[in-house]
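Here is what each chain is made of, one letter per residue.
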Amino acid sequence: MTKERFDVWAGGSAYERYMGRWSRLVAEEFAAWLDCADKLRWVDVGCGTGVLSAVMTARCRPRWMVGIDRSEQFVGAARTTTPGSTHFVVADAMSLPVGDASCDGAISGLALNFLPVPTAAVTEMARAVRPGGLVAAYVWDYADGMGFIRRFWDAAVAVDPAAAALDEGRRFPVCRPERLHAVWADAGLVDVSTTSIEVPTVFTDFGDLWDPFLAGQGPAPGYVASLEPADRHRVRDALGAAVPRRPDGSIALTARAWAVRGRRAVGAATN
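Here the structure is a predicted model, which means the values were calculated and not measured. (Residues numbered from 1 in each chain as written. Predicted model: local features only at pLDDT ≥ 70, side-chain atom pairs only at ≥ 80, totals over all residues. Heavy atoms only, no water.)

**Considering the side chain of Glu-168**
At step 1: With respect to the helices and strands, Glu-168 occurs in helix 6 (residues 168-171).
At step 2: Within the buried set, Glu-168 has no salt-bridge partner at all; the shortest N-O distance to an opposite charge, 6.3 Å, is to Arg-171. (Helix = DSSP H or I, 4+ residues; strand = E, 2+ residues; numbered from the N terminus. Buried < 20%, exposed > 50% of the residue type's maximum accessible area, 1.4 Å probe, protein only. Lys, Arg positive; Asp, Glu negative; His and termini not counted. Salt bridge = Lys/Arg side-chain N within 4 Å of Asp/Glu carboxyl O.)

Laid out in structure tokens, this is it:
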């Protein structure tokens, strides 16, 4: 089994229940941190279902916004839920269909971990922005700060030690601030800074937490889908025993993302 087999991001509705409801909260905090001017030109790389594009459109009133994702299903979902002023395109983040220095800013939400060469992807984002333009992104802190994902993999490894190879905390070292800073610097960006963004993830009951793992969207649900029913139940029971419950049965955890931003150096070549 390959790790990539489990990195499936396609169905908009399944994604929304598993991750979208939390990613929307992070997008709001990220946009506030950027504190950008109105009437700028943006490209959203790995736009998914359009959450970040929608938040930036509402907050920053861009001149135009282009969202790019390889998933036709995600792009279709984004087109139905995001203001019509945003244009969505099925394309590869490693080869953006925009001209050199054609944008004021390039952003990416929760996608960088899944791109084959993060530094090359950020270099491509930098190519797309004008000198002085902004390049910014955020990723989940899978290693320590993404509460329900961390507990899931701990439970899965307790049942199946081989699952450790699929743990996003291991697989995605770029989810730490020092690594993000290094990627931005290696891409030639300047004035680089990072910050943490933490949001609550409150589940009404254990079913609200567990059921999205059955939809096959993303590494952890993809792993669950690969299991025989008996092993799936063992992982479910181990996770159920590990999460804290309030008296009403709800489960209150937190999710942390790391955000990074930098600027294309003024005087940088625009090809």
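**Quick look at the confidence of the model for the protein**
Predicted coordinates in areas of low pLDDT are best not read in detail.
At step 1: Taken residue by residue, the protein gives an average pLDDT of 91. The fraction at 70 or more is 93%.
At step 2: Strand 4 (residues 103-109) holds the highest mean pLDDT among the elements of the protein, 98, whereas helix 1 (residues 12-34) holds the lowest, 85.
At step 3: Long-range and interchain partners of residues 1-6, a stretch whose pLDDT sits below 50, account for 12 contacts in this model, where long-range means more than four residues apart. (pLDDT = per-residue confidence, 0-100. Contact = heavy atoms within 4.5 Å.)

**A word on helix 3 (residues 72-81)**
At step 1: Regarding helix 3, the residues found buried are Phe-74, Val-75, Ala-77 and Ala-78. Across the axial projection of helix 3, the buried residues extend over an arc of 160 degrees, all falling on one side. Exposed positions of helix 3 whose direction lies more than 90 degrees from the buried face are Glu-72, Arg-79 and Thr-80. (Arc of directions from axis to C-beta.)

**Some details on the environment of Trp-153**
At step 1: Within the element layout of this structure, Trp-153 appears in helix 5 (residues 147-159).
At step 2: Distance in space between the C-alpha atoms of Trp-153 and Ala-163 is 7.6 Å, their sequence separation being 10 residues.
At step 3: Ignoring anything within four residues of it in the chain, the contact list for Trp-153 reads Ala-163, Leu-166, Asp-167, Glu-168, Pro-219, Ala-220 and Tyr-223.

**Topic: the sheet that holds strand 6 (residues 189-203)**
Strand pairing in a sheet relies on backbone hydrogen bonds. The paired strands run either parallel or antiparallel.
At step 1: Taken together, 7 strands build an open sheet; the order of strands is 3-2-1-4-5-7-6 and the sheet is mixed. The open sheet terminates on both sides in strands that have one partner only, identified here as strand 3 (86-90) and strand 6. Ignoring which end each strand starts from, the neighbouring axes of this sheet average 20 degrees apart.
At step 2: Examined bridge by bridge, strand 2 (residues 64-69) and strand 3 share 5 bridges and lie parallel to one another. Bridge pairing in strand 3 links Gly-67 to Phe-88. (Pairing = 2+ DSSP bridges. Axes fitted to C-alpha atoms, helices over the stretch in contact; angles between N-to-C directions.)

**Describing the layout of surface pockets**
At step 1: Its volume calculated, the second largest pocket comes out at about 180 Å³.
At step 2: Asn-113, Leu-115, Pro-116, Pro-118, Arg-171, Phe-172, Pro-173, Val-174, Arg-179, Ala-182, Val-183 and Asp-186 together form the lining of the second largest pocket.
At step 3: Residue composition of the lining of the second largest pocket, by class: 8 nonpolar, 1 polar and 3 charged. (1 Å grid on protein atoms, 1.4 Å probe; cavity = no way out; pocket = protein on both sides within 12 Å on 5 of 7 lines; lining within 4 Å. Points joined across faces, edges and corners; volume = space filled by probe spheres on them. Nonpolar A, V, L, I, M, F, W, Y, C, P; charged D, E, K, R; others polar.)

**Quick look at the nonpolar core**
At step 1: Ranked by internal contacts, the top residues of the largest apolar core, which has 87 residues, are Phe-30, Trp-140, Phe-148, Phe-152, Trp-184, Leu-209 and Phe-213.
At step 2: No other element matches helix 1, which puts 10 residues into this core.
At step 3: In this structure Trp-140 touches Met-19, Trp-22, Ser-23, Val-26, Leu-110, Asn-113, Met-146, Cys-175, Ala-255, Arg-256 and Ala-257, once residues within four positions along its chain are discounted. (Core = buried A, V, L, I, M, F, W, Y, C linked by side-chain atoms within 4.5 Å.)

**Things to note about the pattern of salt bridges**
At step 1: Under the counting rule described, the total for this entry stands at 13 salt bridges.
At step 2: Put simply, Asp-38 and Arg-61 hold a salt bridge, and the shortest N to O gap is 2.6 Å. Of this pair, Asp-38 sits in the loop between helix 1 and strand 1 (41-45) while Arg-61 sits in the loop between helix 2 (51-60) and strand 2, and the two are 23 residues apart along the sequence.
At step 3: Classification of Asp-38 by relative accessible area gives partly exposed; the value is 29%.
At step 4: A salt bridge links Glu-124 to Arg-127; its shortest N-O distance comes to 2.9 Å. Taken together, the residues Glu-124 and Arg-127, both in helix 4 (residues 118-128) and 3 residues apart, mark about one turn of the helix.

**Description of the packing of helix 4 against helix 7 (residues 177-186)**
At step 1: Where helix 4 contacts helix 7, the two axes come as close as 8 Å, and the packing angle between them is 50 degrees. On the basis of the axis angle, helix 4 is oblique to helix 7. The way helix 4 lies across helix 7 gives a crossing that is right-handed. Mapping the contact onto sequence places Pro-118, Thr-119 and Val-122 in helix 4 and Val-183, Trp-184 and Asp-186 in helix 7.
At step 2: Of the residues in the contact of helix 4 with helix 7, the class split is 4 nonpolar, 1 polar and 1 charged. (Parallel < 35°, antiparallel > 145°, perpendicular 65-115°, else oblique. Left-handed = near helix turned anticlockwise from the far one by under 90°.)

**Quick notes on helix 5**
At step 1: A rise of 1.5 Å per residue sets the reference length of helix 5, with its 13 residues, at 18 Å; its end C-alpha atoms lie 19 Å apart and thus fit the reference within 8%.
At step 2: For helix 5, the complete set of buried residues consists of Gly-147, Phe-148, Ile-149, Arg-150, Phe-152, Trp-153, Ala-155, Ala-156 and Val-159. (Expected span 1.5 Å × (residues − 1).)

**Concerning the pairing of strand 1**
At step 1: Extensive coverage of strand 1 is indicated by the burial of 5 of its 5 residues.
At step 2: Burial along strand 1 is two-sided: Arg-41, Val-43 and Val-45 facing one way and Trp-42 and Asp-44 facing the other are all buried.
At step 3: The pairing of strand 1 with strand 2 spans 5 bridges and is classified as parallel. Following the sheet pairing, Trp-42 is matched in strand 2 by Met-65.
At step 4: The β-α-β motif built from strand 1, the intervening helix 2 and the parallel element strand 2 has right-handed crossover chirality.
At step 5: Examined bridge by bridge, strand 1 and strand 4 share 3 bridges and lie parallel to one another. What sits directly across from Val-43, in strand 4, is Ala-106. (Right-handed = clockwise from strand over helix to strand, strands pointing away.)

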